[in-house]
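Structural characterization, general
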Amino acid sequence: MLLINDPVLLSIEMTTEALRARSTAHWIIAFSGGKDSSAALKIFLAAYRRAGVRLSRITLLYCDTGVENPVLDAYVKEFLRKAEQEFAELGLSINIELLKAPIPDRFFVRIIGRGYPPPTNSFRWCTTGLRIKPVSEFIAKQNPNNTVVVLGLRQSESRQRDRALALSPNLYWQKQREGKGDYDLFLPIVELSVPEVWDAIFGLSLPKALNKSALETLYRGASGECPVIKAPTAPPCTSGRFGCWTCTVVRKDKSASELIKSGHFHLEPFLTFRDWLAEFRNDPINRWHTRRNGRAGLGPFTINARKEILRRVDALEDSTRTTIIDTEERGVIAALWTMDNFARLAFRRQSDLGASKSDSDAILGNLSTAGT
Ligand code: SF4
C-alpha cells in the first residue's frame, strides 16, 4: 500500500507503475497545449526517468485546428520545436505528431463553404471534426489493443464525470470504447486539483522547453480546454474556451480580452471579427429559410452571407498579415458554392414545376451530405 502524502508525487508513482506494467505498449500523450495536458506530460516524463524501463514507442500528439488563438498557436508551435530538440539531446525517443483536420472539416470551409452557422452550445459541430476525429483516426491506425493514451483529465470538475470515473476500479486507468478498436486511457492527473496541476507544472523540470510563465499568462480568463478525445469522462466543450479564436460557444471571449489587456494587442482584430460573426449568425436575413433537410427553420448561411464572411476574412488577413484560409481550402469553398447554387436552382425549378415536397426535400437532403 502506497503512503505518499504529496498528490503530485503520488501521480508520479502511479505513472511509474503504469509504465513498468505496460512497457511494450505504444504510449500516446494527447497534448493540447493547455495546463492539464502540460501537467500530464511533465508527470509522464518524471515517471519515465524513475521507471527504469525503455518504452518501445512514445508519441506526443497535437492537433492543430487551424484556428487556434494566435498567441496559443505561437506558444505551442515554439514549444513543440524546442521539445523535439530537447528530447533528442536527452536521448528520449519521443515522436512528435502534428495532426490537422481534413479540409472539408476545417472551420472556415464549414462556415463559408457549406454555410454552417458558427457553433453555439446547442449546435457545437466543431469539436468533433477539428479535434476529436483527427486524434481518433490517428489512434485507429495504430494497434489500439496495444496503445495507451495519456490524457490530462481530472475528476471533480463535474458530477457526471466523477460518476463515470467512479465506475472504474482504478481511477487512473479507463477504457476508451471506439468502433475501430478499444484502447486504454491513462489519467496521470486524475486526482489532482487545479493548484496541484500548477504545482506539477512549476515544480517538475522536464521538459524545459515548456514556458511555465507564458502558459500561466495564457490562462488568465480561460475557463477550460476543448477535449481531444470523446471519452465519457472528458469535459464538455461548453466551458472550454481555451482554444479557437473563432469560438462563439461562449457569449464573451474573456480569454482573448484578458490577453489583449495583458499586451497582446494584435488579437484585437480577431476578437472584433469573432464578435461580428456571432451577431451575423443571428440575423435571419443571412440564413436560408429552410434547413438542408428541407424542413422549415433557420438553415445555412445564404451564398451572399458567405461571400460577406469571406470578404471580412480577407480584410482580416490583410490587416493582420496572416493566412487564415489557405489556397486548398479556398478551392474547396468555391466547389461547395457551385454545388449549393446548383442544388438551390434545381430545388426552385422543382418547386415551380409543382414537384412533391418529398422530391424537393431529396434535392436538399442530397446536398446536405455532398462534399463532406
Ligand atoms: S474551442 Fe470552440 S470553436 Fe474550437 S473546437 Fe472547441 S467549441 Fe469549437
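As annotated in an unreviewed UniProt entry, the chain carries the name DNA sulfur modification protein DndC and is attributed to Bradyrhizobium huanghuaihaiense.

Judged by nonpolar contacts, the single largest core of 71 residues is most densely connected at Trp27, Phe44, Leu60 and Phe79. The element that contributes the greatest number of residues to this core is helix H2 (residues 35–51), accounting for 10 residues. In contact with Phe79, not counting residues within four places along its chain, are Phe31, Leu41, Leu60, Pro207, Ala209 and Leu210. Listed in part, the 33 residues of the second largest apolar core include Ile103, Ile112, Cys244 and Ile325.

Quick look at the environment of Ser56 now. Tracing the sequence through the fold places Ser56 in the loop between H2 and strand E2 (57–64). In the structure, Ser56 is positioned 29 residues away from Trp27 in sequence and 8.5 Å away in space, judged by C-alpha atoms. In this structure Ser56 touches Ser23, Thr24 and Ala25, once residues within four positions along its chain are discounted. At 3.5 Å, the side chain of Ser56 forms a polar contact with the backbone oxygen of Ala25.

With that out of the way, let us pick up the pattern of salt bridges. If you walk through the whole model with that rule in mind, you get 22 salt bridges. Arg177 serves as the salt-bridge partner of Asp182, at 3.2 Å between the closest nitrogen and oxygen. Here Asp182 falls in the partly exposed class, since its relative accessible area comes to 26%. Between Asp340 and Arg306 there is a salt bridge whose closest N-O contact spans 2.7 Å.

Here we come to the packing of helix H1 (residues 7–21) against H2. Look at H1 against H2: their axes get within 8 Å of each other, and the N-to-C directions meet at 60°. It follows from the interaxial angle that H1 and H2 lie oblique. Here H1 runs over H2; the crossing is right-handed. Contacts between H1 and H2 involve Ser11, Ile12, Glu13, Thr15, Thr16, Leu19 and Arg20 from the first element and Ile43, Phe44, Ala46, Ala47, Tyr48, Arg50 and Ala51 from the second. A breakdown of the residues in the contact of H1 with H2 according to their chemical character gives eight nonpolar, three polar and three charged.

Take the packing of aromatic side chains next. One pass over the full model with this rule turns up 19 aromatic pairs. Aromatic pair Tyr116 and Trp125: ring centres 5.0 Å apart, planes at 75°, arrangement edge-to-face. The rings of Phe107, Phe108, Tyr116, Phe123, Trp125, Trp245, Phe270, Phe273, Trp276, Phe280 and Phe301 are connected pair by pair, giving a single aromatic cluster. The lysine or arginine in question, Arg287, covers the ring of Phe301, its NZ or CZ lying 6.0 Å from the ring centre.

The next subject is the pairing of strand E5 (residues 173–176). Side chains Gln174 and Gln176 project from E5 onto a buried face, and the interleaved Trp173 and Lys175 project onto a face without burial. Relative to strand E6 (residues 183–186), E5 runs antiparallel, the two sharing four bridges. Across the sheet, Gln174 pairs through a bridge with Leu185, a residue of E6.

Strand order in the open sheet made by the six strands is E3-E2-E1-E4-E6-E5, with mixed pairing throughout. The sheet is open, and its two borders are formed by strand E3 (94–100) and E5, each paired with just one other strand. The mean inter-strand angle of the sheet, taken between neighbouring strand axes irrespective of direction, is 30°. Pairing geometry for strand E1 (residues 26–31) and E2, over six bridges, is parallel. Bridge pairing links Ala30 to Leu61 in E2. Here helix H3 (residues 70–89) sits on the sheet and contacts E1, E2 and E3; the angle it forms with E2, its principal contact strand, is near 165°. Contacts from helix H5 (residues 126–141) reach E1, E2, E3, strand E4 (147–150) and E6, with the element oriented near 155° to E2.

This next bit is on the pairing of E3. Successive side chains on a regular strand alternate, one facing one side of the sheet and the next facing the other. Sheet topology places E2 next to E3; seven bridges connect them, and they run parallel. Within E3, the residue paired with Cys63 across the bridge is Leu99. After leaving E2, the chain enters H3 and then returns to the sheet as E3, a path that is right-handed.

The subject of this paragraph is the side chain of His26. Assignment of secondary structure puts His26 in strand E1. For His26, a relative accessible area of 7% gives the class buried. Excluding residues that lie within four positions of it along the chain, His26 makes contacts with Arg57, Ile58, Thr59, Gln142, Asn146, Thr147 and Val148.

Given a rise of 1.5 Å per residue, 18 residues ought to cover 26 Å, and the 25 Å separating the end C-alpha atoms of helix H11 (residues 303–320) matches this to within 8%. Within H11, burial applies to Ile303, Ala305, Arg306, Ile309, Leu310, Val313, Leu316, Glu317 and Thr320. On an axial view of H11, the arc spanned by its buried residues comes to 155°, and they lie on one face. Exposed residues on H11 whose side chains face more than 90 degrees from its buried face are Asn304, Asp318 and Ser319. Looking one or two places after H11, you find Arg321, whose phi comes out positive at around 55°.

Rules behind the numbers
Residues numbered from 1 in each chain as written. Predicted model: local features only at pLDDT ≥ 70, side-chain atom pairs only at ≥ 80, totals over all residues. Heavy atoms only, no water. Core = buried A, V, L, I, M, F, W, Y, C linked by side-chain atoms within 4.5 Å. Buried < 20%, exposed > 50% of the residue type's maximum accessible area, 1.4 Å probe, protein only. Helix = DSSP H or I, 4+ residues; strand = E, 2+ residues; numbered from the N terminus. Contact = heavy atoms within 4.5 Å. Polar contact = N/O pair within 3.5 Å; in protein donor to acceptor, adjacent residues only side chain to side chain. Salt bridge = Lys/Arg side-chain N within 4 Å of Asp/Glu carboxyl O. Axes fitted to C-alpha atoms, helices over the stretch in contact; angles between N-to-C directions. Parallel < 35°, antiparallel > 145°, perpendicular 65-115°, else oblique. Left-handed = near helix turned anticlockwise from the far one by under 90°. Nonpolar A, V, L, I, M, F, W, Y, C, P; charged D, E, K, R; others polar. Phe/Tyr/Trp six-rings, centres within 6.5 Å; stacked < 30°, edge-to-face > 60°. Lys NZ or Arg CZ within 6 Å of the ring centre and 35° of its normal. Pairing = 2+ DSSP bridges. Right-handed = clockwise from strand over helix to strand, strands pointing away. Expected span 1.5 Å × (residues − 1). Arc of directions from axis to C-beta.

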